[in-house]
Amino acid sequence: MWIIIGLAGTALLLFLITLICLGIWTYRDAKLRGLEAGMWTAIVVLVPNFIGLLLYFLIGRKQQQTLCPSCGRKTEQSKPYCSNCGASMAQVVQSLVASKNNSKKPLIISLICVVMTFIFMFVAFFASMYAQPEMFSSKSITIGQIQTMKPGVWKMSFWYFDGEKSRAIEIRDGNPSALNVSAEIEKGKVELGLAVDGKEEKRISLNNIDSTYVWDLSGYPENSRVVLRLYGDAAKGKVNMNWKD
Ligand SMILES: [Zn+2]
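Residues numbered from 1 in each chain as written. Predicted model: local features only at pLDDT ≥ 70, side-chain atom pairs only at ≥ 80, totals over all residues. Heavy atoms only, no water.

Caption draft 1: Summary view of the packing of aromatic side chains. Summed over the entire model, instances satisfying the criterion amount to seven aromatic pairs. Arranged with centres 6.0 Å apart and planes meeting at 85°, the rings of Tyr213 and Trp215 form a pair that is edge-to-face. An aromatic cluster of three or more residues is present, and its members are Trp25, Trp40, Tyr56 and Phe57. Lying over the aromatic face of Tyr231, Arg203 brings its terminal NZ or CZ to 3.7 Å of the ring centre. (Phe/Tyr/Trp six-rings, centres within 6.5 Å; stacked < 30°, edge-to-face > 60°. Lys NZ or Arg CZ within 6 Å of the ring centre and 35° of its normal.)

Caption draft 2: Spatial organisation of the domain arrangement of the protein chain. The domains assigned to the protein chain are domain 1 (2-63 + 100-134) and domain 2 (141-242). Taking the mean C-alpha position of each, domain 1 and domain 2 sit 51 Å from one another. (Domains from an automatic or database assignment.)

Caption draft 3: The arrangement of the nonpolar core in detail. Counting residues in hydrophobic clusters, the biggest one holds 27 residues, and the most contacted among them are Leu179, Leu192, Leu206, Leu228, Leu230 and Met241. Sorting the residues of this core by element identifies β5 (153-170), β6 (178-196) and β9 (225-242) as the ones contributing at least two each. The biggest single contributor to this core is β6, with eight residues. Here Met241 is in contact with Gly152, Val153, Trp154, Leu179, Asn180, Val181, Leu192, Leu228 and Leu230, once residues within four sequence places are set aside. Judged by nonpolar contacts, the second largest core, of nine residues, contains Ala30, Ala37, Trp40 and Val44. (Core = buried A, V, L, I, M, F, W, Y, C linked by side-chain atoms within 4.5 Å. Buried < 20%, exposed > 50% of the residue type's maximum accessible area, 1.4 Å probe, protein only. Helix = DSSP H or I, 4+ residues; strand = E, 2+ residues; numbered from the N terminus. Contact = heavy atoms within 4.5 Å.)

Caption draft 4: Focus on the coordination of the zinc ion. Protein-derived ligands of the zinc ion are Cys68 (SG), Cys71 (SG), Cys82 (SG) and Cys85 (SG), with the metal-ligand distances lying across 2.3 to 2.4 Å. Between the four donor atoms coordinating the zinc ion, the angles at the centre fall across 105 to 116°, so the site counts as tetrahedral. Within one chain, the residues serving as donors to the zinc ion are arranged as C-x2-C-x10-C-x2-C. Taken together, the positions of Cys68 in the loop between β1 (65-67) and β2 (74-76) and Cys82 in the loop between β2 and α4 (90-99) put the pair 14 residues apart, joining distant regions of the chain. Comparing Cys68 with Cys82 shows no difference in burial state: the two are buried. (Donors = N, O, S within 2.8 Å, 3.2 Å for Na, K, Ca; no water. Tetrahedral: all angles 85-135°; square planar, octahedral: opposite > 155°, others 65-115°.)

Caption draft 5: Summary view of the confidence of the model for the protein chain. With 91% of its residues at a pLDDT of at least 70, the protein chain reaches an overall mean of 85. Per-element confidence in the protein chain is highest for β6, whose mean pLDDT is 93, and lowest for α4, whose mean pLDDT is 56. (pLDDT = per-residue confidence, 0-100.)

Caption draft 6: Local environment of unusual backbone geometry. With phi around 65°, Phe50 is a residue other than glycine that occupies positive phi space. Position of Phe50 relative to the elements: it lies in the loop between α2 (37-46) and α3 (51-58). Owing to a relative accessible area of 31%, Phe50 belongs among the partly exposed residues under this scheme.

Okay, here's the thing in structure tokens:
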């Protein structure tokens, strides 16, 4: 368990380093380009899934501004003339590009950290699956389930069934007198339990029942509340029950 916490903690730490490095790089890069450095750093760090970084590349960097050597005010770098005084900007652009040597180190470190974050997360995930499978299987999960619940009928097919399902039936005037069960279990295990008035009477495995299994209900007293309970253990297959007489 401690190994898993350690792995997950390392993944978290690596992710934090990723964000810090990205923040440093963005701040410097935006500053050099005369952009709103604080705002772009916040966007890159806080907008999830690196969408902030994408926005910075697609929008932020396009808005690059520079100082006009003639009038000293900020102007868009992509335009050939200053928008304030009309002076030619060709030379300024040249010199700015030359001075723009923002270190790519933080960007590279953050890329490495992102890859390592994923590796640690995967290792932590598989380690926890291996060490504590009940952590994943104790939850009642059913995937790809098709169920038919009509009076006297309970049919269910499932691609993955793990957990419990139950359905109550009432015995009146000796009806129903029998429960017919058939099942085709391809993977995992399925058991059927039958509780009468809250007490489990018996449980059978549905993995190896051939043809139809008949469960005699005639011995139960009038107005008994019978609960059918299916227990799935990573199972795939079909169960068909009916108690029409
Ligand atoms: Zn100007």
